[in-house]
Amino acid sequence: MYTKLALLIFIFMSKLSASVVTTLPEFAWIVHNLNPDTKVINLLQGNEDPHFVDASPSFVFKVAKAKLLIKNGMQLEMGWLPVVTQQSGNEAVQLGGKGHCDASQNVNKVGVIANYDRSMGDVHPVGNPHYTLSLVEMKSVIKTIAKCMERVGLEYSKDKYTELLAKFDAQIANVKKLLKPIKMKKFMVYHTEFNYFLRDFDLISVGSLEEVPGVLPSAVYLAKTAKKAMDEKVSLVLASNVSPERYLNKFKDISSINYVKAQMHPLSSDDYLKHYENFINELVDNVSL
Amino acid sequence: MRLILLMFLLVTSAFAQNNNLQLINWFAGADIVASGDNLDQGADKENHLNDGMLVREFEFSAVSQIDQTWQGILTLAYHNELQAEEEHLEVHEAMLFSSKLLPMANVKIGKFFLGFGRLNRFHRHDWIFTEAPLVQKSFFGNEGVKDTGFEYTRLLGGALNWKLTVGLTSGGEFKHGEAHEEEGEEEHDHGGNPAPYEPTRYLRASNFIEFSTIEGIESGVSYVERRDGEGTRSSYAGLDLIYKKRVNQYIDRLVQFEVWQRTTKEMGEESFQDLGAYLYFEKGLNRHHGLGLRFDFYLPADLEEEEDHDEHGHSSIDGITPMSNYHAISLSYNYYNSEFMRTRFTLEHHNGVDVEEEEESFQRAHLQFVFNIGAHPAHVY
């Protein structure tokens, strides 16, 4: 009994002192694929809205002993991560530190805004931060993460690195094939979370259900948008797992256009590529042909 | 004090003119409150708050890295308290902060809100209710206690995520009371005390239990000790707790609780104790609407032998000096306009017996607007 308890405490404590801490699960999955022996933990489990998370003291402790912290960047975690790194007292992972890794640094950014103020809603002037649903951009993320690991002296297998990039290339080809029957279909999005995905595969989006990003749409705007969607013959609305269902249902009631609520990030134990394929299959299955 | 404000504005304007603006995070927040009560219609006409609408507080803050180790934080505040007659300006924070000096630790040097309890650690515009609970008002004032000194926080770890904060400050300021310096006068203690005999020293040990990434409880125990210029020794022992469960963009459930016991010993006198607590629940209905309910309880010391107890401002709450159990209940409707603005309507019902052995029972209402502009720092849990 006591041995089991001691073992559990040991496992718990060893989890706390991971070498690599990531904000999103997909980054932890990449680290694990580059070197399965690296101790890595992700702060978020994949089902939260990463914009709106509390700076939990448990995050602070996890970050306190990390050698490397990998974040999404582009202000996605700006509401909570700065205070977590600051409270951790871990100089290495704070902004400018050797162990601070911004996974977005080589992403080909969309939606950069030169002149911005808060009347424009929940937008990110440095670009749309939802690039993790882009297989193309995630290839650049793999390269960035590998460089970050090298910088802090964490080893990874070059073979596994090449193998992983090849798996992404294969998945891109596979997704292109899966999307072929719906290529000319029109889509709408609830929030601007799918911009990179739509760009990767040349899919057509005719607008957003939100009038102002991050602000709930008014009934009048929703009705107008529903009419526009019907006129444009929109096949499907893409929404994320944290989009408000009430508004999606209201839109569906007016327009009879179906929606999918996609899980934006893989859950902790999920394989990213498998998760991605599930998302594509769900999308294809729900498009009205 | 006006000179400080003028200098502050000049400096900020100068920075706003050039590209260095990006290196400094500027932030301003305001708290506008409309209040009314029915005390002026009852037996206790002297105690009612200023009815009407006013800008209760306006904070202006600049935060920037000074060098590779230290960060500088400067916050100036304008106050026009409901309980006070005059407006005033004061320095809320002027400190050096480092999260890079020592591993797993944070250090503060200068003037800051002292790191004990729950409410004390937060600026008032970030509080989840409009008015301070009775125990806070009675022991520490209308907002958090601030003073000048040194504070060290160290992560201890363990399965319960223990953290320890210790602090030592001059003792020059403590209770944030009603009296503030008049123009041209020397600055004095907000509790009405002259220069202190002893510095204020405090510690807080806290832990955190995580149920999931969106749900957890943080609890802490605090101990504070000081002796004022008249030789009165006070110690405060407190327990604070916060539980939060978040659903995407809003807090679905929140419970906040604090209980404090104060022991006061005047020179050559017996010591006496008073006790107070509050418990607050909030239920978020969606990302815009939330309902809050707060219970306040305050049990003052036995004052039969303490005719001049109120003299030191120890147990006075909005001018009322409770004689026995004093309690209040508040119901609030919170409208979260956006991430940066909220509107709150609160109804309070107070009940108790004052020093003149008169039953006090009155109602008070507040309508509050809080907003911030600029780069507000991320919030701690």
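You'll find the structure just up there.
Residues numbered from 1 in each chain as written. Chains lettered and ligands numbered in written order. Predicted model: local features only at pLDDT ≥ 70, side-chain atom pairs only at ≥ 80, totals over all residues. Heavy atoms only, no water.

S.K.: Lay out the pattern of salt bridges with the relevant residues and their values.
M.R.: Residues and elements named next belong to chain B. For the structure shown, the criterion picks out 32 salt bridges over all chains. Asp 37 is paired through a salt bridge with Arg 364; the nearest N and O atoms lie 3.6 Å apart. Note that Asp 37 is positioned in strand β1 (residues 25-37) and Arg 364 in strand β16 (residues 359-374), a separation of 327 residues in sequence. For the pair Asp 37 and Arg 364, one class covers both residues: buried. The partner of Glu 198 in a salt bridge is Arg 233, with the nearest N and O atoms 3.1 Å apart. Of the two residues, Glu 198 is situated in strand β8 (residues 198-212) and Arg 233 in strand β10 (residues 233-247); the sequence distance between them amounts to 35 residues. The exposure class of Glu 198 is buried, given its relative accessible area of 17%. Under the relative-accessibility criterion, Arg 233 is labelled partly exposed at 31%. In the salt-bridge network here, residues are joined through shared partners; they are Arg 118, Arg 121, Arg 204, Glu 218 and Asp 240. (Salt bridge = Lys/Arg side-chain N within 4 Å of Asp/Glu carboxyl O. Helix = DSSP H or I, 4+ residues; strand = E, 2+ residues; numbered from the N terminus. Buried < 20%, exposed > 50% of the residue type's maximum accessible area, 1.4 Å probe, protein only.)

S.K.: Break down helix α8 (residues 219-231) of chain A for me, citing the residues and quoting the values.
M.R.: Residues and elements named next belong to chain A. Here α8 is 13 residues long and its end C-alpha atoms lie 18 Å apart, about the 18 Å a rise of 1.5 Å per residue gives. Turning to α8, its buried residues are Leu 222, Thr 225, Ala 226 and Ala 229. One side of α8 holds all its buried residues, which, seen down the axis, span an arc of 105°. α8 presents Val 220, Lys 224 and Asp 231 as exposed residues on the side facing more than 90 degrees away from its buried surface. In this fold, the buried residues of α8 make contact with β5 (186-189), β6 (204-208), β7 (234-240) and α9 (245-255). Count one or two residues on from α8 and you reach Lys 233, which has phi positive near 60°. (Expected span 1.5 Å × (residues − 1). Arc of directions from axis to C-beta. Contact = heavy atoms within 4.5 Å.)

S.K.: Go over the packing of helix α2 (residues 25-34) of chain A against helix α5 (residues 135-151) of chain A with me, naming the residues and quoting the values.
M.R.: All names here are of chain A. Axis separation between α2 and α5 bottoms out at 10 Å; the angle between their running directions is 65°. Crossing angle aside, the handedness with which α2 passes α5 is right-handed. Contact residues: α2 offers Glu 26, Phe 27, Ile 30, Val 31 and Leu 34, while α5 offers Met 138, Val 141, Ile 142, Ile 145, Ala 146 and Met 149. Looking at side-chain class alone, the contact of α2 with α5 contains 10 nonpolar, no polar and 1 charged residues. (Axes fitted to C-alpha atoms, helices over the stretch in contact; angles between N-to-C directions. Left-handed = near helix turned anticlockwise from the far one by under 90°. Nonpolar A, V, L, I, M, F, W, Y, C, P; charged D, E, K, R; others polar.)

S.K.: Mind laying out the sheet that holds β6(A), listing which residues take part and the relevant values?
M.R.: Residue and element names in this part refer to chain A. Taken in spatial order, the 4 strands make up an open sheet running β6-β5-β7-β8, and their pairing is parallel. For this open sheet the edge positions go to β6 and β8 (259-262), each flanked by a neighbour on one side alone. Neighbouring strand axes in the sheet, compared pairwise and without regard to direction, differ in orientation by 30° on average. Sheet topology note: the β5/β6 ladder contains 3 bridges and is parallel. Paired with Val 189 across the bridge in β6 is Ser 208. Here α8 sits on the sheet and contacts β5, β6 and β7; the angle it forms with β6, its principal contact strand, is near 160°. (Pairing = 2+ DSSP bridges.)

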